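Below, each chain spelled out in residue letters.
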Amino acid sequence: MPAPTPTPAKTRSWLFAPGDSARKMEKAAGGPADIVILDLEDAVATANKPEARRMVAEFLRANEQDRARLWVRVNPLDGDWTAEDLDAVMPARPGGIVLPKAEGRHHVEQLDALLSEREQANDIEPGSTPVMALVTETAAAMFTTGEYRGAPRLTGMSWGAEDLSDSLGAADSMNEDGSYRPVFELARSLCLLGAAAAGVTPIETIMGDFRDLECLEKRARMVKRDGYRGMLAIHPAQVEVINRAFAPSEEEIAEAREIVQLFADNPGAGTIGWRKGMLDRPHLSRAKQVLAQIDE
């Protein structure tokens, strides 16, 4: 039986770095991002993709001690490059794979098969390479966000406005005040609902204006209240803001410790009465997730 796919303990900030820039990969990995995404897709021009694959594999090998937080975004499965991407990077054992333009559980299953072949070929523990999927980047993908429960390797889901805008032929994704237009708010909601249904971590999409850190913090705190647990970043300056916004508050930490202790004191209990109402196993799971976000 394959081992359970590991879920990263901290998933607040996911920072993209172009796979064809050694300098930017080094800067990203040297900073406080929880996950660094070495990008082989949108950030790399077609002519540069072969060199980017080589550079990403070389970077992974040179940073073996930090590899768990070094993920790779491959090219989408509907193109010609996914297998080449995986052939290049899997021998270097990335911490995880980001799948763009996923259009349903079948795409994650397809990626799982490709990963299984390469894990076996490279003596990597079967099933040990986790996946985060970008699930609203095409119009078709919007109709499948609720299909991911039980998808192999899947530990997180995020969404994207730019590719969806292109898929729709939309002139813009945002209103003048910086809020998303209705169809893009729908994408955000469907991603959150899909992730909750699948039992994986929901990750908010990027904020393109990396200079407006005040707006970034406001948005990060807003989506955290909705249920998002982290956010994509396109610039190192965004990472500290995202980490701060998604870090659990002292009150959240205290309540999480209380809930974990209650279940520890009542082994085998399915539900437990608490000062704020009844607790069940999902409350325990959430409490453990909160405590995993802190350093003790």
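Use the structure listed above.
Residues numbered from 1 in each chain as written. Predicted model: local features only at pLDDT ≥ 70, side-chain atom pairs only at ≥ 80, totals over all residues. Heavy atoms only, no water.

Trainee: Sorry, what's going on with the side chain of E255 here?
Mentor: Note that E255 resides in helix α9 (residues 250–265). With residues up to four places along the chain from it excluded, the contact list for E255 reads W274, R275 and K276. (Helix = DSSP H or I, 4+ residues; strand = E, 2+ residues; numbered from the N terminus. Contact = heavy atoms within 4.5 Å.)

Trainee: Sorry if this is basic, but what is going on with unusual backbone geometry here?
Mentor: Excluding glycine, a negative phi dihedral is what most residues carry, and trans is how most peptide bonds are arranged. Positive phi values are uncommon outside glycine, yet D123 reaches one of about 55 degrees. Tracing the backbone through its elements, the reader meets D123 in the loop between α4 (105–121) and β5 (131–134). Positive phi, normally seen in glycine, also occurs at R153, with a value near 75 degrees. With respect to the secondary-structure elements, R153 resides in the loop between β5 and β6 (154–158). Exposure remark for R153: the relative accessible area of 5% places this residue in the buried category. (Buried < 20%, exposed > 50% of the residue type's maximum accessible area, 1.4 Å probe, protein only.)

Trainee: Mind showing me how you'd approach the pattern of salt bridges here?
Mentor: Two side chains that carry opposite charge are able to pair once their charged atoms sit near each other. Enumeration according to the criterion identifies 24 salt bridges in this entry. Taking the shortest distance from any N to any O, the salt bridge between E41 and K101 comes out at 2.8 Å. Of this pair, E41 sits in the loop between β2 (35–39) and α2 (49–62) while K101 is found in the loop between β4 (96–99) and α4, placing the two residues 60 residues apart along the sequence. Notably, a salt bridge pairs R275 with E258, separated by 2.9 Å at the nearest N-O pair. One end of the pair, R275, is in the loop between β9 (271–274) and β10 (277–280); the other, E258, is in helix α9, with 17 residues separating them in the sequence. Judged by relative accessible area, which is 55%, R275 ranks as exposed. The class of E258 is partly exposed, set by a relative accessible area of 29%. Salt bridges here are not isolated pairs; linked through shared partners, they connect D39, E41, R73, K101 and D163. (Salt bridge = Lys/Arg side-chain N within 4 Å of Asp/Glu carboxyl O.)

Trainee: I'm lost on the packing of aromatic side chains in this one. Help?
Mentor: The description of two aromatic rings rests on the distance between their centres and on the angle between their planes. Scanning all chains against the criterion turns up two aromatic pairs. Judged by centre distance (5.1 Å) and plane angle (80 degrees), the rings of W14 and W71 are edge-to-face. Of this pair, W14 sits in strand β1 (residues 13–18) while W71 sits in strand β3 (residues 70–73), placing them 57 residues apart in sequence. The pair formed by W14 and W71 is uniform in burial state, with each residue classed as buried. Between W159 and Y180 the ring centres are 5.1 Å apart and the planes differ by 65 degrees, which places this aromatic pair in the edge-to-face class. Taken together, the residues W159 in the loop between β6 and α5 (162–168) and Y180 in the loop between α5 and α6 (182–198) connect sequence positions 21 residues apart. A relative accessible area of 1% places W159 in the buried class. Residue classification places Y180 among the buried positions, given a relative accessible area of 7%. (Phe/Tyr/Trp six-rings, centres within 6.5 Å; stacked < 30°, edge-to-face > 60°.)

Trainee: Looking at this structure, how should I read the pairing of strand β8 (residues 230–233)?
Mentor: Neither face of β8 is left uncovered, since the one carrying G230 and L232 and the one carrying M231 and A233 both have all their residues buried. Where β1 and β8 come together, three bridges link them in parallel fashion. For L15, the partnering residue across the bridge sits in β8 and is A233. Relative to β8, strand β7 (residues 201–204) is paired through two bridges, and the arrangement is parallel. By the bridge assignment for β8, I203 is matched with G230. Regarding topology, helix α7 (residues 213–226) serves as the crossover connection from β7 to the parallel β8, and that connection is right-handed. (Pairing = 2+ DSSP bridges. Right-handed = clockwise from strand over helix to strand, strands pointing away.)

Trainee: Would you explain the sheet that holds β7 in this entry?
Mentor: For sheets, the rule is that strands pair by backbone hydrogen bonds, running either parallel or antiparallel. Reading around the barrel, the eight strands line up as β1-β2-β3-β4-β5-β6-β7-β8 and close back on themselves, with parallel pairing between neighbours. Sheet twist, expressed as the average angle between the axes of neighbouring strands with direction ignored, equals 25 degrees. Running over the sheet, α2 touches β2 and β3 and is turned about 165 degrees from β3. (Axes fitted to C-alpha atoms, helices over the stretch in contact; angles between N-to-C directions.)

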